[in-house]
Amino acid sequence: MRVMVIVKATKDSEAGVIDHKLMAEMGKFNEELIKAGVMLAGDGLKPSSNGKRVRFSGSKRTVTDGPFAETKELVAGFWIWQVRSIEEAVEWVKRCPNPMPGDSDIEIRPFYEMEDFGDSPELRANVQRLREMAKKG
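Description of the structure in this document. (Residues numbered from 1 in each chain as written. Predicted model: local features only at pLDDT ≥ 70, side-chain atom pairs only at ≥ 80, totals over all residues. Heavy atoms only, no water.)

Details of the overall build of the chain
For step 1, the next point in the chain: Scanning the chain for helices and strands turns up four helices and six strands.
For step 2, the next point in the chain: Reading the secondary structure of the chain in the N-to-C direction produces β-α-α-β-β-β-β-α-β-α.
For step 3, the next point in the chain: Principal-axis analysis of the C-alpha atoms gives the chain an extent of 50 × 45 × 25 Å.
For step 4, the next point in the chain: Per-residue burial over the chain gives 28% buried out of 137 residues.
For step 5, the next point in the chain: Relative to all contacts within the chain whose residues are 6 or more apart in sequence, the contacts with residues 24 or more apart total 72%.
For step 6, the next point in the chain: Accessible surface, the chain: about 9,700 Å² in total, of which carbon and sulfur atoms supply 53%.
For step 7, the next point in the chain: Side chains of the chain carry 22 positive and 22 negative charges; the gap between the two charge centres is 5 Å. (Helix = DSSP H or I, 4+ residues; strand = E, 2+ residues; numbered from the N terminus. Buried < 20%, exposed > 50% of the residue type's maximum accessible area, 1.4 Å probe, protein only. Contact = heavy atoms within 4.5 Å. Areas by Shrake-Rupley, 256 points an atom, 1.4 Å probe, with all protein chains shown as cover. Lys, Arg positive; Asp, Glu negative; His and termini not counted. Charge placed at Lys NZ, Arg CZ, Asp CG, Glu CD.)

Given below as structure tokens:
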């Protein structure tokens, strides 16, 4: 099972605060994940002040420059993990150093896998084709 592990933003992460001691601790944790064969990808994100948001309303698109006001709704970083179960992902997250200097939240969300697409050979084939295309770049 693949999961996305989402580190939620805080006022510090949105201010661009980088704690070098914390980064070293997170580096050690990432090494554990890699050695265990769990971590497929992961990275930190710059503050939303460096980002853009595109709002869809019918055929209209509206672009808004960051920063975005609702910090609790923002993502500061992510991992993609391969685990046996959501419970295993929870156990790994519990071992993680607190990713922020203060209180913080990490969210775990499973990806859709092929078995989630039912018995439709057409749908499964299309999903597989698109995934292979994306891997090739």
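A word on the nonpolar core
For step 1, the next point in the chain: Val3, Phe29, Leu33, Trp79, Trp81, Val83 and Trp92 are the most contacted members of the largest nonpolar core, which has 22 residues in total.
For step 2, the next point in the chain: Listing elements by their share of this core, those giving two or more residues are strand 1 (2–8), helix 2 (20–35), strand 5 (75–82) and helix 3 (86–95).
For step 3, the next point in the chain: Tallying contributions element by element places helix 2 first for this core, with four residues. (Core = buried A, V, L, I, M, F, W, Y, C linked by side-chain atoms within 4.5 Å.)

Quick notes on unusual backbone geometry
For step 1, the next point in the chain: Omega for the bond connecting Gly66 with Pro67 falls within 30 degrees of zero, at 10 degrees, which places this linkage in the cis form.
For step 2, the next point in the chain: Its location among the elements puts Pro67 in the loop between strand 4 (60–65) and strand 5.

Some words on the environment of Ser49
For step 1, the next point in the chain: Mapping Ser49 onto the fold places it in the loop between strand 2 (39–44) and strand 3 (52–57).
For step 2, the next point in the chain: Between the alpha carbons of Ser49 and Ala69 there is a distance of 10.0 Å; along the sequence they are 20 residues apart.
For step 3, the next point in the chain: Ser49 has contacts with Glu14, Gly66 and Pro67, leaving out every residue within four places of it along the chain.

Side note on the pairing of strand 1
For step 1, the next point in the chain: In terms of burial, strand 1 is largely enclosed, as five of its seven residues are buried.
For step 2, the next point in the chain: As paired elements, strand 1 and strand 5 share seven bridges and run antiparallel to each other. Of the residues in strand 5, the one forming a bridge with Val3 is Trp81.
For step 3, the next point in the chain: When strand 1 meets strand 6 (residues 106–110), the two strands line up antiparallel, connected through five bridges. Opposite Val3, over in strand 6, you have Pro110 as the bridge partner. (Pairing = 2+ DSSP bridges.)

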